[in-house]
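Reading the structure
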Amino acid sequence: MNKKTYLTTPIYYANASPHIGTAYTTIAGDVWQRFQLQHKKESFFLTGTDEHGLKIEKKAQDLKMKPQELVDKISAEFQYLWKKLEIANTHFIRTSDIKHQKIVQAVLDDFFQKGIIYKGKYEGLYCVGCEQFKNPSDLIEGKCPDHNIKPELVQEESYLLKMSEKQSELINKIKTDQLKIRPLKYKKEILSFLENQVLEDIAISRPQVKWGIPLPFDSQHTTYVWLDAFLSYLTGFGWKGPQDKKRGKEISSHFFHLIGKDILRVHATIWPIILMHLNLELPQKIFVHGHILSRGKKMSKSLGNVISLEEMLEKFNVEATRYLLLSAGSFGEDVDVTLERITEKYNADLANGLGNLVSRVISLNKNLKVSIPEKKELGNFQLFLEKKLRFDKALEEIWKIIEESNVYIEKNRPWELMKSNQKKYKKVMSILTSNLFLIADLIQPFMPQTALEIEKSLKNNQATILFPRIIK
Ligand code: MSP
């Protein structure tokens, strides 16, 4: 089936540089996207930066910078690092882009005229780290567990977005998988949340926050950053606003959102309800991943337990970084990452496993022509990668072939056959080179350069060292 996809990562807050946690979602999206393109499926891939709101306003104040200067700098860092990490996104959206801001205002106007947004009062506990109002039951000892800070009590006049009138429709869509939330435990989690309370109308404006898109009908208020951010999923793919129904439906009905578990609730409530109010379709699928932990806590700038991307890229190369992050554990669960552990994995899987196999096969393949085998489909591999997003398992399927090939070399000893039995030698080498072509084909979405290099070395019979061992 040649299904179309509009794939998104969350847009990243432009208050701090990228780290391996934010790179994780983006690399996963890129691997999925490359797999689609490799299999000739139509897929568009959006990532970007979330550039408004209190968190950014405060950070700019601390740094004595203008918010615009700060977001320009950080957004440039994201774009630079994503390129370096070989992220082949088709679009990059910045919410400070004027075109995006105008469309957000057009949506607000449309909602206000239809009474979907109305003026009221709002009171709640606001966590600036999450840029969200929190339920008291979400807090641990009065603090937001993700940011370890006490949310601030906010009581203010505000514009509210109607939520509860769409609640039963939303529950039904999630239950029947018209809006698929995966892995299943997250679907259950959100259904149990939705079935146990009435969704309150939410504040979509903040009178105290200056750094945001002004409401078109009340310039004393700026737009709530999550509403602004969600609309980027549409504007980033070229949607022109509420009148642009055709493109809006085309995009929204093919949405595939990748998100971290900390932002599931907003994605499974506010976002689909905005889409319903716009008379658009709901996303096909929201896939939720766990967090990268460091010493048992979510890796984040605000907690100060981050392994920097630069550090990782310097120690390993780009391709190894992509491999090490996606093979670290099950994508839907939390994974604890330490430099020691990933260095060990680098040496075992990349230096000794793949790197060793490639250099052995090429050096043993003396003066033999190689022929590119027919493409083979691996059932489990595709299922793990494309449907279940178990990147670790998909990689294990490839590593089984690597291990089998290494064992096959030991068993058949082609360096002896070369002298004693040319016929068998050729047969053994043809199996090994076919395996390498297959491996190159399968790892292509994960490590595109390595795949090319393996194919090139095979065709030119040229030795190559792919992943030198790292001592320490
Ligand atoms: N700006 C919002 C998203 C708006 S989308 C309409 C936001 N930004 S964020 O920069 O805080 O987080 C973006 C994504 O990065 C989230 O999916 C989050 O889960 C992910 N990660 C941030 N730290 C992470 C880890 N330590 N591990 C895995 N993912 C992490 O939320």
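In this report, we go over the structure that sits alongside the text. (Residues numbered from 1 in each chain as written. Predicted model: local features only at pLDDT ≥ 70, side-chain atom pairs only at ≥ 80, totals over all residues. Heavy atoms only, no water.)

So, the site of the ligand
Around the ligand sit 24 residues, and of these Ile11, Asp50, Asp262, Ile292 and Met299 come closest. The contact in question runs from a nitrogen atom of the ligand to an N or O atom on the side chain of Asp50, over 2.7 Å. One nitrogen or oxygen atom from the main chain of Ile292 is found 2.7 Å from a nitrogen atom belonging to the ligand. Coverage of the ligand by the protein amounts to 95% of the 670 Å² it exposes when considered alone. Given that more than half its atoms are within 2 Å of the pocket grid, the ligand belongs to the second largest pocket. (Near = heavy atom within 4 Å. Polar contact = N/O pair within 3.5 Å; in protein donor to acceptor, adjacent residues only side chain to side chain. Areas by Shrake-Rupley, 256 points an atom, 1.4 Å probe, with all protein chains shown as cover. 1 Å grid on protein atoms, 1.4 Å probe; cavity = no way out; pocket = protein on both sides within 12 Å on 5 of 7 lines; lining within 4 Å. Sits in = over half its atoms within 2 Å of the grid points.)

Some thoughts on the nonpolar core
Among soluble globular proteins, nonpolar side chains are generally buried collectively. Ranked by size, the top nonpolar core spans 85 residues in total, and within it Leu354, Trp399 and Phe446 carry the most contacts. In contact with Leu354, other than residues within four places in its own chain, are Asp349, Trp399, Ile402, Ile439, Ile443, Met447, Thr450, Ile454 and Phe467. (Core = buried A, V, L, I, M, F, W, Y, C linked by side-chain atoms within 4.5 Å. Buried < 20%, exposed > 50% of the residue type's maximum accessible area, 1.4 Å probe, protein only. Contact = heavy atoms within 4.5 Å.)

Details of the pattern of salt bridges
Under the defined criterion, the tally for this structure stands at 24 salt bridges. The salt bridge involving Asp218 is made with Lys119; its shortest N-O contact spans 3.9 Å. You can see Asp218 sitting in strand E11 (residues 218-223) and its partner Lys119 sitting in strand E4 (residues 117-127), a full 99 residues away along the chain. What you see here is one network of salt bridges that share partners, running through Asp30, Arg34 and Arg322. (Salt bridge = Lys/Arg side-chain N within 4 Å of Asp/Glu carboxyl O. Helix = DSSP H or I, 4+ residues; strand = E, 2+ residues; numbered from the N terminus.)

Description of helix H7 (residues 225-235)
The buried count for H7 comes to 11 of 11 residues, which makes it a mostly enclosed element. Within H7, burial applies to Val225, Trp226, Leu227, Asp228, Ala229, Phe230, Leu231, Ser232, Tyr233, Leu234 and Thr235.

Some details on the packing of H7 against helix H10 (residues 270-277)
The geometry of H7 relative to H10 is characterised by a closest axis approach of 10 Å and an angle of 65° between their N-to-C directions. Taken as a pair, H7 and H10 cross one another with a handedness that is right-handed. Note on element contacts: H10 touches H7 through Ile270, Trp271, Ile274 and Leu275, opposite Leu227, Phe230, Leu231, Tyr233 and Leu234. Looking at the contact of H7 with H10, its residues break down into 9 nonpolar, no polar and no charged. (Axes fitted to C-alpha atoms, helices over the stretch in contact; angles between N-to-C directions. Left-handed = near helix turned anticlockwise from the far one by under 90°. Nonpolar A, V, L, I, M, F, W, Y, C, P; charged D, E, K, R; others polar.)

What to know about helix H12 (residues 318-326)
Side chains three or four residues apart in an α-helix point the same way, a direct result of the helix having 3.6 residues per turn. Taken across its 9 residues, H12 has 9 buried, putting it largely inside the fold. Turning to H12, its buried residues are Val318, Glu319, Ala320, Thr321, Arg322, Tyr323, Leu324, Leu325 and Leu326. Among the residues of H12, the N-terminal cap falls to Asn317, whose side-chain oxygen and the backbone nitrogen of Glu319 are separated by 3.3 Å.

A look at the environment of Gln33
Checked against the element boundaries, Gln33 lands in helix H1 (residues 20-38). With relative accessibility at 1%, the residue Gln33 sits in the buried group. In sequence terms Gln33 and Leu160 are 127 residues apart; their C-alpha atoms lie 37 Å from each other. Discounting chain neighbours no more than four positions away, the residues touching Gln33 are Leu7, Ser43, Phe44, Phe45 and Ala88. A polar contact of 2.6 Å, which involves the side chain of Gln33, links it to the side chain of Ser43.

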